[in-house]
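Spelled out, the chains give:
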Amino acid sequence: MTDTTSFLNELTSLLGERGLLREPGDMARYVSDWAGVTLGMPLAVARPANTTEVAEVVRRCYAQGIAMTPQGGHSGLVAGALPAASGQELVISLERLNNVRAIDPINFTITVDAGCILENVKLAATEHDCDFPLSLGAQGSCQIGGNIATNAGGLNVLRYGMMRELVLGLEVVLPDGRVLDSLNALHKDNRGYDLQQLFLGSEGTLGIVTGAVLKLSPRPTQNRTALLGLPSVQAVIDLYSLARRDCCDLLTAFELIPRRCIELAIEATPELRDPLESAYPWYVLMEVAATGPVDLGAMLEQLLETGMARDLVLDGALASSATQSAQLWQFRESMLEGQRRRGEHLRTDISIPISAIPDFVTRASEVVMNASPECEIIAYGHVGDGNLHFNILPPTALPDVDKKAHLYALEEQLFDVLDEFHGSISAEHGIGRTKQAAYLARLSPIERELLSGVKSLFDPKGLMNPGRILPNPST
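Every value quoted in this text rests on a predicted model; they were computed, and no experiment measured them.

Participant: Could you give me a rundown of the pairing of strand 9 (residues 179-182), with the residues and numbers involved?
Facilitator: Judged from the four bridges that link them, strand 8 (residues 167-173) and strand 9 form a sheet pairing that is antiparallel. Paired with Glu 171 across the two strands is Asp 181, which belongs to strand 9. Two successive antiparallel strands, strand 8 and strand 9, enclose a turn made up of five residues, where Gly 177 displays a positive phi of approximately 100°.

Participant: Requested: an account of the pattern of salt bridges, with residues and values cited.
Facilitator: With the rule as written, the count across this model stands at 26 salt bridges. Note that Asp 459 is salt-bridged to Lys 455, the shortest N-O span being 2.8 Å. In the salt-bridge network here, residues are joined through shared partners; they are Arg 259, Arg 260, Glu 263, Glu 267, Asp 274, Arg 342 and Glu 376.

Participant: Describe in detail the sheet that holds strand 10 (residues 208-215), supporting the description with residues and values.
Facilitator: Taken in spatial order, the five strands make up an open sheet running 5-6-10-8-9, and their pairing is antiparallel. The open sheet has two edge strands, strand 5 (100-104) and strand 9, and neither has a second partner. With direction set aside, neighbouring strand axes in the sheet form an average angle of 10°. Two elements, strand 5 and strand 6 (residues 109-113), share four bridges in a ladder whose sense is antiparallel. Bridge pairing in strand 6 links Ala 102 to Thr 111. This element, helix 3 (residues 51-64), spans strand 5, strand 8, strand 9 and strand 10 of the sheet and lies at about 45° to strand 8. Lying on the sheet, helix 4 (residues 118-126) is in contact with strand 5, strand 6 and strand 10; it crosses strand 6 at an angle near 145°.

Participant: Can you explain the nonpolar core? Please cite residues and give values.
Facilitator: Of all hydrophobic cores here, the largest spans 59 residues; its most connected members are Leu 239, Leu 251, Phe 254, Met 286, Phe 360 and Phe 390. The residues that make up this core include at least three from each of domain 2 (222-341) and domain 3 (350-420). Setting aside residues up to four positions removed in sequence, Leu 239 forms contacts with Leu 228, Leu 230, Phe 254, Leu 303, Gly 307, Leu 312 and Val 313. In this structure, Ala 125, Phe 199, Ala 212 and Leu 216 belong to the second largest nonpolar core, which totals 31 residues.

Scoring rules and cut-offs
Residues numbered from 1 in each chain as written. Predicted model: local features only at pLDDT ≥ 70, side-chain atom pairs only at ≥ 80, totals over all residues. Heavy atoms only, no water. Pairing = 2+ DSSP bridges. Helix = DSSP H or I, 4+ residues; strand = E, 2+ residues; numbered from the N terminus. Salt bridge = Lys/Arg side-chain N within 4 Å of Asp/Glu carboxyl O. Axes fitted to C-alpha atoms, helices over the stretch in contact; angles between N-to-C directions. Contact = heavy atoms within 4.5 Å. Core = buried A, V, L, I, M, F, W, Y, C linked by side-chain atoms within 4.5 Å. Buried < 20%, exposed > 50% of the residue type's maximum accessible area, 1.4 Å probe, protein only. Domains from an automatic or database assignment.

In short, geometric facts, not functional conclusions.
In structure tokens, the structure reads:
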């Protein structure tokens, strides 16, 4: 049996007093995520300062049979990086691994520590006239390691792809403490199995990412943003089809927003004003960006003229400056805070074929409203990649103690509709703990066998983020 006190004293000697937190007050900020979920206190919080220290902490945990919870910027939504209620998991925070190691503007790559804040990576790229295109609402706090572990998506997937498409090389500490060094900056490498792809989206269950080589793009020199009012979800999809063809790869974002989200944004940020003269059932927030002599203004105006002629677009506001563009995007950010202020609600992160979005929204809304007429549906998302956040606010009269069970029952019915459309229960947030049951219920026997085999190969003792994605073998 492990002598916990001696073990923690060894880690303190290794990392220093600043590198190992043991008091509940010091550990309090490591036990909650963005959604406010708290499961329990960890055994301790290790804060290694470099890859060597991460590897040594992991090696000692492996030898002593101590479970580990890798943790980034606390912006997760599926309880995947929270310590278990048992109090026996060691949180390993990557926050002190925050260096930009190298930038190669000719090769369009940046090499960073996993604890680097996404926004800082974007700023570092900008200094070299490059762009790291991953764009998330939490980019001021989320870390690159977490982005990799969850295969983050965000607003620009339409043009640049998810994190999986933005990673060229990785450095990973394996569950036994060995370091897999695959920090290659090659844009093409076709040597057999691509091991590093296994870590993208693995949610820290196969190892701890400590460094990465990321793909950069030329920094756009101009962009144009528009917020448009539309009559229906079908009109939104028809306009997207038109924009995807007319704007081609210059289209970077195409967001579906219902009227209720505009209202929530204004509630959360009182300085915001209704963006259009009239209220419309649905809105599109879209952006085009380019480098070089492209007349984006004329392109966007032509698109809107065509959209209005076809009765797809009813009204619109076009930003003529970076300040106005930021104001339009503020609606997209503030509506999230508006939902959060409403308290307990169902957050979903689903994907379906883009062409099926109108039928899915109609069908899912019918099912949910039949089951709970007093609830409120807030469906929005990234149209360009089929990612919807079909969120549900519970009835206001429902007692707080009953809300969680009520929302869970609605989620099950929503996922049943999703199955009819051959969709995915997770488009970008991951599985973690909160979606595990729904995930396992939809795995075929052969999928579960292969996935369990991968986990067992990398982590035979089951110590690396146990109970996330797949259940513990003993349960």
